[in-house]
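Summary of the model geometry
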Amino acid sequence: MNNLMRRAQNVQLWRKYCVKQYTTEAASASSPRGKPNYDEFIGGRQVQAQRSIVVQVSSEKSYSELYNYCSRFGAIVGAHHYCVRHDDDLHYILLEYSTAHEAAAAIDAGATNGELSGVPVRSPFLWFKAAPGKRGPKLAAIANNNNTSQQPLRDLLSVDGTRQLDQASLLSQLRGAASIEQQVQLLHEHTQLNDLGVRMRFLAALQVQQAISGMFPAAQAHPFGSSVNGFGKMGCDLDLILRFDRETGGRRHTDSEQPSRLIYHTKENLSNGRSQTQRHMECFGDMLHLFLPGVCHVRRILQARVPIIKYHHEHLNLEVDLSMSNLSGFYMSELLYMFGEIDPRVRPLTFSIRRWAQASGLTNPSPGRWISNFSLTCLVMYFLQQLRQPILPTIGALVKAADASDVRVTEDGINCTFGRDLERVGFQSRNTSSLSELLLQFFEFYSQFDFHNRAISLNEGRQLSKPDHSAMYIVNPLEQLLNVSKNVSLEECERLRIEVRNAAWILESEVENSSLPESERQEETWGLLNLFKHPEKAVIRPNMFFKPRMVEVSDLFEEKLLQQQQQSTTGPASAGGAEAAAAAPPVVYKNVSVRQQVQSIKAATRTELKQLRGSSSAAAAAAAPSHSASTKNRRSR
C-alpha cells in the first residue's frame, strides 16, 4: 500500500504537468515572449489533433467534393493533402475543423465497411466512398449549389505535403545560395519536419489515446523526441509515451472543491514494476495489432532497458515507438525544445552538423557502435555552452532557476527538475557570431578535444575527468550516472576526430573561396556542398583503428591456393599448369605499408624455412655414418 501511495504521488506530479485542458490556442498567443513554451506547444498541438480527421481519397482532385460533404458537420479551417507511396500512390487529405465537437461529429457519422470481416473501430482515419450515381465535375457543381449558405471552398494549404526534397533539388538550392550562412539556413528550412508532419504525428498519438479511453479515460499518449523538440527532420520516427492517471479516473475536481469520497476499485499490482509494465505492453501490442486501423508490422521489444512496441502506420507512412516508462526521455525533449527556442542559431547549426555526419558515414540509422544523432546533438549543445560568450546556459543554471512548479520526479526517482520559464532564468547571450563562423569553430573545437581522458557535461558546461574507459563519455543530462555515448567504439571516436579535422580544413578554405561571383557558384561545388561529399573523397584517411581490414588473411595465401588448384586440375607434371599458376593475378593490397609488411614476413619465412631445411639436412648427414657403423658391428657379431 505504501508503494501505491508513493507511485500515486509521482503520478500526481506528472498529471499537474501534462494533463491540462486547452480549449483554445489563445494561451499561446498571449505569451509575453510571442512564442509558446513547451506546455503551450504540446497542448495546442493536442487540441489541433482533436479538431482533425484524415480521409483517404482517390486523388487531390477529390478535395472539392470532400470539402462540400464534410462542411455539413462544421466549419473547416484548413486542409492538407499528402501521398503515401507504395506500389500505388495513396492520397489522403487532413481536414481541420474549428472545434473538436465538429470533428467528432464527422467521425461519428462514419459508417462501417460491410465488405470487410474486421471489427469496426472508431478512429479519425476514414476513407471517402464514391457517391452513388454519376461522379465528376457535375456532382461537385451540384454540391456547391446545395451548400451556398456554407463557407466558400478553401484552397489546400499543401499538396503532397510530406514529399521530401530530393537530393538534386536540395543541392541546387544550396549551390545557388549567396553565402555559407544562407546555405545553413536553407538546409534547415528544406529538411526540418514541417507543420503537416507534426500534425500527423499528434494524430497518431490521439488514435492510440482514444482507442483505450473507454477503459482508461485519463490515459494520455504524448509524443516526445525529435517530433516535438524542434530538431526533427522530414520522415523522422515518432516516439510515444503512454501514461495512466491512477489517482482518479473520472471527473476532476478543482482546488476549491472537496475531493470525491467515491473511489474506484483498483487491482493492485503484486509483481515488480518492470515485469508488470512488460505484461501491460504485451496486451497493448495485441490491441494495436488486432484492432487499430493503419497499424501493421507490430514488434514487441520488451527486454530492452526501456521496453517498447514498434509498429508502422500505413496511413501516415510513419514508424512509431511506443513506451510506458521513458519519462526522462519526455523531459529531455522539453529541455532540447527550450535550447532551440533560446537562440535562433541553435537548430540550423545542429541540422548542418547532422547532415555532415550522415554524409561522412559517422551516423547510421541502425543502432550500433557509431555515434547517434542524440549524442551528436549533445556535442553541439556543449560547444555552444563553453564558448567565451556562451549561446546556451548550462543545465545547472536552469536547475537553480527552478521553483516549486518546475519539480518533476519520475517513478524511478530520476530528478528532472529545471526552470521552465526562460524569463525567470534570465539568460541573455552576447555572442554575435554568424552560423558559418560557429560551424567552423565547432569543427576546430572537437578536432582538438581530448576524448581519451575527458568527459563532457552539459549540466556544468565544462569538461570532467572521464570516470571509466569508454571511448567517448557524454554525461546524460537527466540521468547523470549514465553515459549517453557508451555505445561508441574507439574506432568510431577516432573517426569523429579525423572527420572534424577534415571538415575544419575544408570549411576554412571554403570561407576564403566564398567571394566567387554568383554566376560561377551555380556550376561550382562550394560551401557546405564540399562538406557533404562522399566519404571516399575526405582529406585524411587514417591507417589504423577504424578502417575495415586492409587485407584479408586468406589473401596472404591466395597465390599458394591458386597453385594448388591448378596442380590438382592439370597435374603436377603439366607445364600448362605451371604456366597458369605463374600467370595467376597478384594480390592487390589496399595500403603500401601493409604490402611491405607482408613482403617482409614472406621473406623472413623463406629464410627460416631454408635454415630449417639446412639444419635437417646436416642432421641427416651426421646420422648416416653412425647408422652404417652400427650396422657393421651387428653383422660382425
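This report concerns the structure included in the present document. (Residues numbered from 1 in each chain as written. Predicted model: local features only at pLDDT ≥ 70, side-chain atom pairs only at ≥ 80, totals over all residues. Heavy atoms only, no water.)

With respect to the environment of Gln358
For clarity, the threshold we go by: Numbering of helices and strands runs from the N terminus; a helix is a DSSP stretch of H or I covering at least four residues, while a strand is a stretch of E covering at least two. Buried means the residue's accessible area, taken with a 1.4 Å probe over protein chains only, is under 20% of the maximum for its type, while exposed means over 50%, and partly exposed covers the values in between. Two residues qualify as a contact provided that any one of their heavy atoms is within 4.5 Å of a heavy atom in the partner residue.
In this fold, Gln358 is placed in helix 12 (residues 346-359). According to the relative accessible area criterion, Gln358 is partly exposed, its value standing at 43%. Separated by 15 residues in the primary sequence, Gln358 and Asn373 have C-alpha atoms spaced 9.3 Å apart. With residues up to four places along the chain from it excluded, the contact list for Gln358 reads Lys233 and Thr363.

Thoughts on the sheet that holds strand 7 (residues 295-301)
Across a sheet, paired strands are connected by hydrogen bonds in the backbone, their directions being either parallel or antiparallel. Let me state the cut-off plainly: At least two DSSP bridges between two strands are required for those strands to pair. In this analysis, axes come from line fits to C-alpha atoms, helices being fitted only over the stretch in contact, and the angle between any two N-to-C directions falls in the range 0 to 180 degrees.
A sheet is described by the order of its strands in space; here five strands give the open sequence 5-6-9-8-7, paired in mixed fashion. The sheet is open, and its two borders are formed by strand 5 (220-224) and strand 7, each paired with just one other strand. For this sheet, the mean inter-axis angle between neighbouring strands, taken without regard to orientation, is 25 degrees. Both strand 7 and strand 8 (residues 308-313) contribute to a ladder of five bridges, which runs antiparallel. If you follow Ile301 over to strand 8, its bridge partner there is Ile308. Across the sheet, helix 10 (residues 273-291) touches strand 6 (238-243), strand 7, strand 8 and strand 9 (318-323), and the angle it forms with strand 7 is around 165 degrees. Its contacts with the sheet place helix 11 (residues 327-342) against strand 5 and strand 6, and it is angled at close to 50 degrees to strand 5.

Section: unusual backbone geometry
For Asp160, which is not a glycine, the phi torsion comes out positive at approximately 55 degrees. You can see Asp160 is positioned in the loop between helix 6 (137-146) and helix 7 (167-175). Looking at Asp160, the relative accessible area reads 16%, which means it is buried. Phi at His297 takes a positive value of approximately 55 degrees, unusual for a residue other than glycine.

Examining helix 5 (residues 100-108)
So the rule is basically this: Read the arc as the range of directions from the helix axis to the C-beta atoms.
All of the buried residues in helix 5 are Glu102, Ala103, Ala106 and Ile107. Each buried residue of helix 5 sits inside an arc of 140 degrees when the element is viewed along its axis, so together they form one side. Set apart from the buried face of helix 5 by more than 90 degrees, the exposed residues are His101 and Asp108. Tucked inside the fold, the buried residues of helix 5 contact helix 3 (38-50), strand 1 (52-57) and strand 3 (89-97).

Overview of the packing of aromatic side chains
Stated precisely, the cut-off is as follows: Two rings from Phe, Tyr or Trp (for Trp, the six-membered ring) form a pair when their centres sit within 6.5 Å of each other. Planes less than 30 degrees apart are called stacked, planes more than 60 degrees apart edge-to-face, and all others tilted. Sitting over a ring, as applied to charges here, requires NZ of Lys or CZ of Arg to be within 6 Å of the ring centre and within 35 degrees of the ring normal.
Scanning all chains against the criterion turns up 22 aromatic pairs. Residues Phe383 and Phe442 carry aromatic rings whose centres are separated by 5.7 Å and whose planes lie at 90 degrees to one another, so their mutual orientation is edge-to-face. Taken as a pair, Phe383 in helix 13 (residues 373-385) and Phe442 in helix 16 (residues 435-447) lie far apart in primary sequence, 59 residues in all. Its relative accessible area of 1% is what places Phe442 among the buried residues. Of note, Arg347 hangs over the ring of Phe231, and the distance from its end group to the ring centre comes to 5.6 Å. Over the face of the ring belonging to Phe418 we find Arg420, whose NZ or CZ atom lies 3.8 Å from the ring centre.

Quick look at the environment of Asn229
Keep this limit in mind: We define a polar contact as two N or O atoms separated by no more than 3.5 Å, with the added condition that, inside protein, one atom must be a possible hydrogen donor and the other a possible acceptor, whereas residues neighbouring each other in sequence contribute only through side-chain atom pairs.
Looking at where Asn229 falls in the secondary structure, it is placed in the loop between strand 5 and strand 6. Residue classification places Asn229 among the buried residues on the basis of a relative accessible area of 5%. Separated by 105 residues in sequence, Asn229 and Glu334 place their C-alpha atoms 6.5 Å apart. When residues no more than four places from it in sequence are discounted, the contact partners of Asn229 are Ser333, Leu336, Tyr337 and Arg347. Within the structure, the side chain of Asn229 is placed 2.8 Å from the backbone nitrogen of Phe231, a separation counted as a polar contact.

A look at the pairing of strand 3
The element strand 3 is largely enclosed, with a buried count of seven among its nine residues. Relative to strand 3, strand 1 runs antiparallel, the two being bridged by six bridges. What sits directly across from Ile53, in strand 3, is Leu95. Bridge count between strand 2 (residues 76-85) and strand 3: nine bridges; the pairing is antiparallel. Of the residues in strand 3, the one forming a bridge with Tyr82 is Tyr92.

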